[in-house]
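Examination of the molecular architecture
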Amino acid sequence: MSAPTDDGHDALVPESSEATPGPTVFVLFGATGDLAKRLVLPSFFRLVQEKLLPDDWRLIGNGRRTKTDDEFRDEVREALEQFGGLTPEDGPWDEFAAGLRFAGGGFTADDPGELLDRIAEARGEIGQDAQLVHYLGLPPTTFGDYTRALGAQGLAEGSRVVYEKPFGTSLESFRELDRVVHEVLDESQVFRIDHFLGKEATQELRALRFANGLFGSSWDRHHVAAVEIDVPETLDVADRAEFYDATGAVLDMLVTHLFQVAAEVAMDPPPTFRADDVAAARDEAVRHFRPLQRDEVVRGQFEGYRDLDHVADDSTTETFVAARLWIDTDRWRGVPFLLRTGKRMAESHQKVNLIFRDPQDGPVDERDLPTRGNVLCFDLAGDGALALSMNVKTPGASSDLGTTWTQIPLDTLSGGDPLPPYVRLIHDVLSGDRALFTRPDGLEDVWIAAAEVLDDHRAPEPYAPGSWGPEAALRLADPVGWVLPG
């Protein structure tokens, strides 16, 4: 619980989750898919290593094919070795493997396959009251059918259900999916994952702002000239071109990760750090997103994209998007939020930069100040880092000013043990903590804000692989310019 202050109000101290959740049966739909292998299963293994799982648990993989538990365990072991950055020898493999089960035969409203029997067996082993968690590691187009099936097969009541992003693909599809979900589940049961909210540095946004008067008092339009949320990637899409050509950068990144991080930066202080208060503050910020206009969005496609297998020769899918977002609140009115992401770009980064205004009416001539002298940077990649640039006098006989950076890697903090975002979020699901998950009211406003861009099917502007995207995107950030090179 949040700590009480002297006046009886809750202080801005995060709620702590249960140290050890109770007995849990975790059902992983799509257990043999790419998402499960790359992210979910390695994260579950990390939770075992960190001793953050319940004392009694079972993980039941679900899929269409029939296979034995041992065959599933072999596949999980292979996934850990290939994608997890871990090997079973790094941790308690035998303990982990003992909790793995598989239920084949698929799962529909008409036919549960083997799943009901395997859940009954698991509850017979660890307790009939074991918490049931369903993780839908599936294509978003299947969410409605699987939700209906959970209800039809009696697996919805009292359970928790995790939905991957995107939750819908348009305002209309979001509303339909939201209707189906709430016919079967109460909102308190629903966990919509956006893993950017689980990143350590994203969470440090709150701590730095709300626990430090130096930054909290400057977190507004009077002190900040621009906010940049910049996620360029050198990665190609060849290994998932079919998925990507049906999705694109706007749907894959802009209306999910980048919008949610923008809301984290822009939200007004919540009264407490309780999950409902934080989510309400984030959603209120999204409600004030001004709908994106086409002339403030640049869509790009890297040269050679249409030559990839499974990509149409005339594809208009964007592999790059940059947008200038305005947030019409008293705190941020007039401050551009510059969002950028793309594939096959010059460098890979995940950074949030607050660019502070130059000092006014002082003895230092603005013309002598370095460009973008004061920047507060949250590096979201890996274990995360904080960095701050400052204007200083260059040592020596001259009075010239220069800029220097100081950096704090989060994994160097005393007592710190950064968790990858999926590890943190799955732990929060097991503990019932919904603070880092999205809510339907905020998501509906996301789709409203992005509607015009999602309906833009014009050919995107070409850009060279290894560049910083179309030239128009560089001009979009004027006059402050992008902090990252370009």
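Residues numbered from 1 in each chain as written. Predicted model: local features only at pLDDT ≥ 70, side-chain atom pairs only at ≥ 80, totals over all residues. Heavy atoms only, no water.

Moving on, we come to the domain arrangement of the protein. Segmenting the protein into domains produces domain 1 (24–193) and domain 2 (197–420 + 440–476). Computed from C-alpha coordinates alone, the two centres of domain 1 and domain 2 are separated by 32 Å. Taken together, the contacts link 17 residues of domain 1 with 15 residues of domain 2. Summed over both sides, the interface of domain 1 with domain 2 buries roughly 1,300 Å², with 66% coming from carbon and sulfur. Of all residues in domain 1, Arg46, Lys165 and Phe174 bury the most surface against domain 2, accounting for 38% of the area lost on that side. Linking domain 1 with domain 2 are two salt bridges, by the criterion used here. A salt bridge links arginine 175 to glutamate 444, with the nearest nitrogen and oxygen atoms 2.7 Å apart. Counting every contact that joins domain 1 to domain 2 gives two residue pairs in polar contact (both at pLDDT 80 or more). Contributions of two or more residues to the side of domain 1 that touches domain 2 are made by α1 (34–49) and α6 (171–184). (Domains from an automatic or database assignment. Contact = heavy atoms within 4.5 Å. Buried area = accessible area lost by both parts, 1.4 Å probe. Salt bridge = Lys/Arg side-chain N within 4 Å of Asp/Glu carboxyl O. Polar contact = N/O pair within 3.5 Å; in protein donor to acceptor, adjacent residues only side chain to side chain. Helix = DSSP H or I, 4+ residues; strand = E, 2+ residues; numbered from the N terminus.)

As a further point, take the nonpolar core. Core analysis: the largest hydrophobic core is formed by 108 residues, its most contacted members being Phe259, Trp332, Phe337, Leu354 and Phe378. With 13 residues, the single largest contributor to this core is helix α10 (residues 248–266). Here this core spans two domains, since at least three of its residues come from each of domain 1 (24–193) and domain 2 (197–420 + 440–476). Excluding residues that lie within four positions of it along the chain, phenylalanine 259 makes contacts with Leu254, Phe289, Leu292, Leu325, Leu339, Val446, Ala449 and Ala450. (Core = buried A, V, L, I, M, F, W, Y, C linked by side-chain atoms within 4.5 Å. Buried < 20%, exposed > 50% of the residue type's maximum accessible area, 1.4 Å probe, protein only.)

Of all six residues in strand β9 (residues 320–325), six are buried; the element is thus mostly enclosed. Side-chain alternation along β9 places Phe320, Ala322 and Arg324 on one buried face and Val321, Ala323 and Leu325 on a second face that is also buried. Pairing geometry for strand β8 (residues 297–302) and β9, over four bridges, is antiparallel. The residue bridging arginine 299 from the neighbouring strand is valine 321, located in β9. (Pairing = 2+ DSSP bridges.)

Take the packing of α10 against helix α13 (residues 440–454) next. At a minimum axis distance of 11 Å, the contact between α10 and α13 shows a crossing angle of 135 degrees. The pairing of α10 with α13 is recorded here as oblique in orientation. As for the relative orientation of α10 and α13, their crossing is right-handed in sense. Touching Val250, Leu251, Val255, Phe259 and Gln260 of α10 are Leu443, Val446, Trp447, Ala449, Ala450, Val453 and Leu454, all from α13. Classifying every residue of the contact of α10 with α13 gives 11 nonpolar, one polar and no charged. (Axes fitted to C-alpha atoms, helices over the stretch in contact; angles between N-to-C directions. Parallel < 35°, antiparallel > 145°, perpendicular 65-115°, else oblique. Left-handed = near helix turned anticlockwise from the far one by under 90°. Nonpolar A, V, L, I, M, F, W, Y, C, P; charged D, E, K, R; others polar.)

Right, let's talk about the packing of α1 against helix α2 (residues 69–83) for a bit. Here α1 crosses α2 at 100 degrees, and the two axes come no closer than 9 Å. By the angle class used here, α1 and α2 are roughly perpendicular. Packed against α1, whose contacting residues are Lys37, Arg38, Leu41, Pro42 and Phe45, the element α2 presents Val76, Ala79, Leu80 and Phe83 at the interface. Partitioned by chemical class, the residues of the contact of α1 with α2 number seven nonpolar, no polar and two charged.

The omega torsion of the bond from lysine 165 to proline 166 falls at -5 degrees, within 30 degrees of zero and hence cis. Positionally, proline 166 belongs in the loop between β5 (160–163) and α6. A cis amide bond links aspartate 478 with the next residue in sequence, proline 479, at an omega value of 5 degrees. Position of proline 479 relative to the elements: it lies in the segment after α14 (471–476). Of note in this structure, lysine 51 is not a glycine but carries a positive phi near 55 degrees. Tracing the sequence through the fold places lysine 51 in the loop between α1 and β2 (57–62). Residue classification places lysine 51 among the exposed residues on the basis of a relative accessible area of 70%. In this structure, histidine 310 is a non-glycine residue whose phi angle is positive, near 75 degrees. Note on placement: histidine 310 falls in the loop between β8 and β9.

With that settled, the discussion passes to the packing of aromatic side chains. Taken as a whole and judged by the stated rule, the model has 21 aromatic pairs. Where phenylalanine 26 meets tyrosine 135, the ring centres are 6.0 Å apart and the plane angle is 40 degrees; that geometry is what we call tilted. In this pair, phenylalanine 26 sits in strand β1 (residues 24–29) while tyrosine 135 sits in strand β4 (residues 131–136), placing the two residues 109 residues apart along the sequence. Exposure remark for phenylalanine 26: the relative accessible area of 1% places this residue in the buried category. Aromatic ring contacts, followed pair by pair, group Phe26, Phe44, Phe45, Trp57, Trp93, Phe96 and Tyr135 into a single cluster. Against the face of phenylalanine 191 rests arginine 434, its NZ or CZ located 5.9 Å from the ring centre. (Phe/Tyr/Trp six-rings, centres within 6.5 Å; stacked < 30°, edge-to-face > 60°. Lys NZ or Arg CZ within 6 Å of the ring centre and 35° of its normal.)

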